[in-house]
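Spelled out, the chains give:
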Amino acid sequence: MPIDATDTTFEQEVIKRSYEKPVVVDFWAEWCGPCRMLGPVIEKAVEDRDGAVELVKVDTDANPRVSQAFGIQSIPAVKAFKDGKVVEEFVGALPPAQVNRWLDGLVPSEAEALVAEGGEANLRRALELEPSRIDAKVALARLVPREEALELLGNATGFAAEGLLARLRLEDDPNLAEAFAQIDRGEVEPGLDTLIAAIPDSTGEQREDLRRAVVGVLDELGVEHPVAREARRKLASALY
């Protein structure tokens, strides 16, 4: 059953609770016909998610302070909170299919939750549920023997997948294998320097694999990482 929150209890029922799980707030009023249409739809959709999301209702007439704080001008208005902040919202009485799609974007799927938890069994189950999940393929490829990893990543796209696939092909070279070992140990800058230094003397597929492997590491580091910024400059010089 949904919880009724007030100006006094909103902080506890919504803001603090949203640090534990997503909280959907339905702003409504007794006189609002569309609110009465949406209410049962969103209640059923939340109930179908077996406790993965909480539903809170706020009567805008009885709780003007909260309504004003969140800029409620038209109802029904629905806002989703995570970690104390509004992350998704819509206005109006949406049909059941649209409400369900909206909630699907808010609550992780079973496969997404399994990937987040990690472990070989969970990742294999995630791929059974969603065979095209690249994040599951990449994570599993890091755990399984080389031949299976190559098969997993064979048709995968994206910097992480292509970078890991390139690494698997390059690791037969002892010098490059040591560079990857350095990266694994946290010695990222010297490891990247070795990979980039090998590019000018390489040709064909090996040259492209070196580029992919470096880009995969840079993608994992993130745009703002200081090593990544300098490595991008070095990579551009080596390639062009």
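Residues numbered from 1 in each chain as written. Predicted model: local features only at pLDDT ≥ 70, side-chain atom pairs only at ≥ 80, totals over all residues. Heavy atoms only, no water.

## Details of the confidence of the model for the protein chain
Consideration 1: This prediction gives the protein chain a mean pLDDT of 94; 100% of its residues lie at or above 70.
Consideration 2: Per-residue pLDDT, averaged within each element of the protein chain, yields its smallest value for helix α5 (residues 110-117) (88) and its largest for strand β2 (residues 23-28) (97). (pLDDT = per-residue confidence, 0-100. Helix = DSSP H or I, 4+ residues; strand = E, 2+ residues; numbered from the N terminus.)

## Section: the side chain of asparagine 63
Consideration 1: Mapping asparagine 63 onto the fold places it in the loop between β3 (54-59) and α3 (64-69).
Consideration 2: A residue is classified by how much of its surface remains accessible, and asparagine 63, at 6% relative accessible area, is buried.
Consideration 3: Here aspartate 7 takes part through its backbone nitrogen, which lies 2.9 Å from a polar atom of the side chain of asparagine 63.
Consideration 4: Not counting residues within four places of it along the chain, the set of residues in contact with asparagine 63 comprises Ala5, Thr6, Asp7 and Val58. (Buried < 20%, exposed > 50% of the residue type's maximum accessible area, 1.4 Å probe, protein only. Polar contact = N/O pair within 3.5 Å; in protein donor to acceptor, adjacent residues only side chain to side chain. Contact = heavy atoms within 4.5 Å.)

## Brief notes about the layout of surface pockets
Consideration 1: Taken as a whole, the largest pocket encloses approximately 290 Å³ of empty space.
Consideration 2: Lining of the largest pocket is provided by 17 residues; of these, Arg142, Arg167, Gly216, Val217 and Glu220 occupy positions nearest its centre.
Consideration 3: Per-element accounting of the lining of the largest pocket gives the leading share, six residues, to helix α12 (residues 204-221).
Consideration 4: Of the residues that constitute the lining of the largest pocket, the class distribution is ten nonpolar, two polar and five charged.
Consideration 5: Estimates place the volume of the second largest pocket at around 190 Å³.
Consideration 6: Around the second largest pocket sit Met1, Pro2, Lys21, Glu43, Val46, Glu47, Gly51, Val53, Glu54 and Leu55, which together line it.
Consideration 7: Every element with two or more residues in the lining of the second largest pocket is listed here: α2 (33-47) and β3.
Consideration 8: Broken down by element, the residue count for the lining of the second largest pocket peaks at three residues, all from α2. (1 Å grid on protein atoms, 1.4 Å probe; cavity = no way out; pocket = protein on both sides within 12 Å on 5 of 7 lines; lining within 4 Å. Points joined across faces, edges and corners; volume = space filled by probe spheres on them. Nonpolar A, V, L, I, M, F, W, Y, C, P; charged D, E, K, R; others polar.)

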